[in-house]
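Per-entry structural report
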Amino acid sequence: MTAVARGVLRRTLVRDVMTTDVVSVAPDTSFDEVTRALLERGIRAVPVIDDGVLVGVVTEADLVRTAEQRDPDRLGEPGWSVHDARTDRPTTAADVMSTPAIYVLQDASVAEAARRMRIRSVGWLPVLDEVGGRVVGVLGRSDVLAVFLRDDAELRAEVVDEVFRHFLHVGPGEVEVGVRDGVVTLRGRLATRSDVELAVALVARLEGVVSVVDELTYGPPPGGSPAGAPGGAPGGDEAARGGTVVVAVDVSASARAAVWWAGDVAAACGARLRLVHAVRPEDGRDSPAAAVLRELCADAERAGVSDVDSVMVTGTPAEVLAAHAVGARLLVLGSAGARSGPGMTGPLARLLADGVDCPLAVVRGASVELPAPRQGPVVVGVDGSVPARAAADLAADLAAGWGASVTLVHSWTELRRDPDGRLHLDGEHRGAQQAAARRVLDAEAARVRQRRPGLSVGTELGEEPALSTLLHQARGARAVVVGHREHTVTGTTQASVLQGLLAFAPCPVIRVR
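First, a word on what this report is: a plain description of the structure on this page. Each residue is numbered by its place in its chain's sequence as written, counting from 1. With pLDDT at 70 or above as the cut-off, local features in this predicted model cover only qualifying residues; side-chain atom pairs require 80 or more to be listed or tallied, and sums for whole chains, interfaces and linings still use all residues. In computing side-chain properties, one takes all heavy atoms of the structure into account and sets aside hydrogens as well as water.

1. A few points about the side chain of T92
- Strands are runs of DSSP state E lasting at least two residues, helices are runs of H or I lasting at least four, and both sets are numbered from the N terminus onward. Structurally, T92 can be placed in the loop between helix 3 (60–69) and helix 4 (93–96).
- Polar contacts, as counted here, are pairs of nitrogen or oxygen atoms within 3.5 Å of one another; within protein the pair requires one atom able to donate a hydrogen and one able to accept it, and residues that are adjacent in sequence qualify only if both atoms are side-chain atoms. There is a polar contact of 3.4 Å between the side chain of T92 and the backbone oxygen of P27.
- In contact with T92, not counting residues within four places along its chain, are P27, D28, T29, S30 and F31. Note on contacts: a residue pair qualifies if any of its non-hydrogen atoms lie within 4.5 Å across the two residues.

In structure tokens form, the structure reads like this:
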């Protein structure tokens, strides 16, 4: 099974189970002919079609009700009149059909069809194509039930293969899966609590699952080492493959741009690419992003990503992405677009910036319409702090993977804040301050060169506030990376620097804790 084929958990469409041998009648078909058609074919309803258009449905109930009205032996019953007992008036399909017709589209899910049957209290639906509105099949209750009444062995195989092997990358034997009469029991140990929650949610959404008995635990095995290294770096085989780049996906253009950029990162680093879509509870598996996920998986494979998969999880975007970001190499978001200004400044981005420990990238170009640049240096702000060193390491790794250079930027200023909070220019010590700033920059450049021999490392010492210096260097850059911590620097906070970059940088911005 290819990554594209398993892009989302399998959902059965109406077209997969409908009956295509459709018996239909015209509006002027007589009552007797309609009755004969139902009896001879052993069916319970027929669509009424006029010039290729569905105009109504005649069911057994419609025919029985009409037959009762034509029975002269009921004369004298309450509410009965001589007019009702007239048997000489013509009765056609148009006279007895139910209208407007309740129908379902062939590309709808069987679950959606089942909901429609339940809500409208019908046991049969004509099926239309999405282009011309032609009747291409019929769907009955038995067709719907056949999807959900699945063999336990078949259901178990899908749980093991789709959920644990392909989606969660859990090896054989790590989780025991039992299925009896559609009830799935899960036993075993996964790495994190979010893995357990995700596994249960994915299994519960498989067609045919009646309920899930969760007996899973999480955490490192007794006597074993943690699943991830400090700082969220994945361990074991995951680290050898370069970790996982997680990218948020919806149907927006900015999300597509984020996937393409994340694919470049994954291909350059030899990482797995995982596309994650948060499904609104009211959409269920019928989210419009399902087709987008399949398409983008195919795009990523064509772009050179060797390991790509995708998941659809019910929940809010912030909750779903935060869960998948645990242990990830990088979490990638698309820009919020024009409605939130030029940068990703909405509630989701703020929550993720404060609540996600792995590096977070927001993909943007020079304007809303333009894609992210694919050339230029990787620019990183350095100041000697631990987050800044982590940012420089990530920038160097990205630059090496892309075959690009890295530019280390350090900003200093004569502005100083007195103990009482007032700002003033400290020109008296200008030379010493500039020399100290140069030492910070040169020391970091030496460290990065030692860590990445052969990498082209440039430096830039700025005499303006950090935001102005970084925005200037971002022109023509492939990405800007900043270490982030809540810390006051000359009257501004690093949080405000990050927000300024997210709003105005002409390239992707990566935040590293």
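2. Here we look at the sheet that holds strand 5 (residues 135–140)
- Between any two strands, at least two bridges found by DSSP are needed for them to pair. The strand order across the open sheet built from three strands is 3-4-5, with neighbouring strands paired in mixed fashion. A single partner strand is all that each edge strand has here, and the edge strands are strand 3 (104–105) and strand 5.
- Judged from the five bridges that link them, strand 4 (residues 124–128) and strand 5 form a sheet pairing that is antiparallel. Bridge pairing in strand 5 links W124 to G140.
- For helices, the axis comes from a line fit to the C-alpha atoms of the stretch in contact; other axes are also lines fit to C-alpha atoms, and the angle between any two N-to-C directions lies between 0 and 180 degrees. This element, helix 5 (residues 110–120), spans strand 3, strand 4 and strand 5 of the sheet and lies at about 135° to strand 4.

3. What about the packing of aromatic side chains?
- Stacked, tilted and edge-to-face are the three classes assigned to paired rings of Phe, Tyr and Trp, where Trp is represented by its six-membered ring and a pair needs centres within 6.5 Å; plane angles under 30 degrees give stacked, over 60 edge-to-face, the rest tilted. Scanning all chains against the criterion turns up one aromatic pair.
- The lysine or arginine in question, R478, covers the ring of W402, its NZ or CZ lying 4.1 Å from the ring centre. Working rule: Lys NZ or Arg CZ, within 6 Å of ring centre, within 35 degrees of ring normal, means a charge sits over the ring.

4. Description of the sheet that holds strand 15 (residues 360–363)
- Pairing is mixed across the open sheet formed by 10 strands, whose spatial order is 13-12-11-14-15-24-21-16-17-20. Strand pairing shows two members of the sheet lacking a second neighbour, strand 13 (308–314) and strand 20 (457–462), which therefore form its edges. Here the strands of the sheet are splayed against their neighbours by 20° on average, with no regard to which way each runs.
- Pairing of strand 21 (residues 479–483) with strand 24 (residues 509–512), which is carried by four bridges, proceeds in the parallel orientation. In the strand pairing of strand 24, G483 is matched with V512.
- Strands strand 16 (378–381), strand 17 (406–411), strand 20 and strand 21 of the sheet are contacted by helix 16 (residues 466–474), whose axis makes an angle of about 155° with strand 17.

5. Concerning the pairing of strand 14 (residues 330–334)
- Partly exposed describes any residue whose relative accessible area lies between the buried limit of under 20% and the exposed limit of over 50%, with all areas from a 1.4 Å probe on protein chains only and scaled to the type maximum. Taken across its five residues, strand 14 has five buried, putting it largely inside the fold.
- A two-sided burial pattern is seen for strand 14, the buried positions comprising L330, V332 and G334 on one face and L331 and L333 on the other.
- As judged from the three bridges shared by strand 11 (residues 244–248) and strand 14, these two strands associate in the parallel manner. For V246, the partnering residue across the bridge sits in strand 14 and is L331.
- Where strand 14 and strand 15 come together, four bridges link them in parallel fashion. From the neighbouring strand, V332 faces strand 15, where its bridge partner is A361.

6. Notes on helix 16
- Taken as a whole, helix 16 has its buried residues at T469, L470, Q473 and A474. One side of helix 16 carries all its buried residues, which in axial view fall inside an arc of 135°. The directions from the helix axis to the C-beta atoms are what the arc is built from.

7. Topic: the pattern of salt bridges
- By convention in these notes, a salt bridge is any Lys or Arg side-chain nitrogen within 4 Å of a carboxyl oxygen on Asp or Glu. Tallied over the entire structure, the rule returns 14 salt bridges.
- Measuring nitrogen to oxygen at the nearest pair gives 2.6 Å for the salt bridge that ties D107 to R15. Of this pair, D107 sits in the loop between strand 3 and helix 5 while R15 sits in helix 1 (residues 14–17), and the two are 92 residues apart along the sequence.
- Since its relative accessible area comes to 38%, R15 is described here as partly exposed.
- D129 is the partner of R134 in a salt bridge, and the nearest nitrogen-oxygen pair spans 3.3 Å.
- With a relative accessible area of 8%, D129 lands in the buried category.

8. Quick word on the side chain of R478
- In this structure, R478 sits in the loop between helix 16 and strand 21.
- Asp and Glu are treated as the negative residues and Lys and Arg as the positive ones, with His and the ends of the chain left uncounted. Of the side chains bearing the opposite charge, D264 lies closest to the buried R478, which forms no salt bridge; the N-O distance is 4.2 Å.
- Here R374 takes part through its backbone oxygen, which lies 3.2 Å from a polar atom of the side chain of R478.
- Beyond its immediate sequence surroundings of up to four residues, R478 is in contact with W261, D264, P373, R374, Q375, G376, P377, W402, C507 and P508.

9. Notes on the nonpolar core
- Among the nonpolar cores identified, the biggest contains 52 residues, and W261, L273, L275, V332 and I510 are the most heavily contacted of them.
- Top contributing element to this core by residue count: helix 14 (residues 386–402), with eight residues.
- Residues in contact with V332, not counting those within four places in the same chain, are V245, V246, V247, A248, A258, W261, A262, A361 and V363.
- Residues V196, A248, V313 and A325 belong to the second largest nonpolar core, which totals 36 residues. The set of buried Ala, Val, Leu, Ile, Met, Phe, Trp, Tyr and Cys residues whose side-chain atoms join them within 4.5 Å is what this entry labels a nonpolar core.

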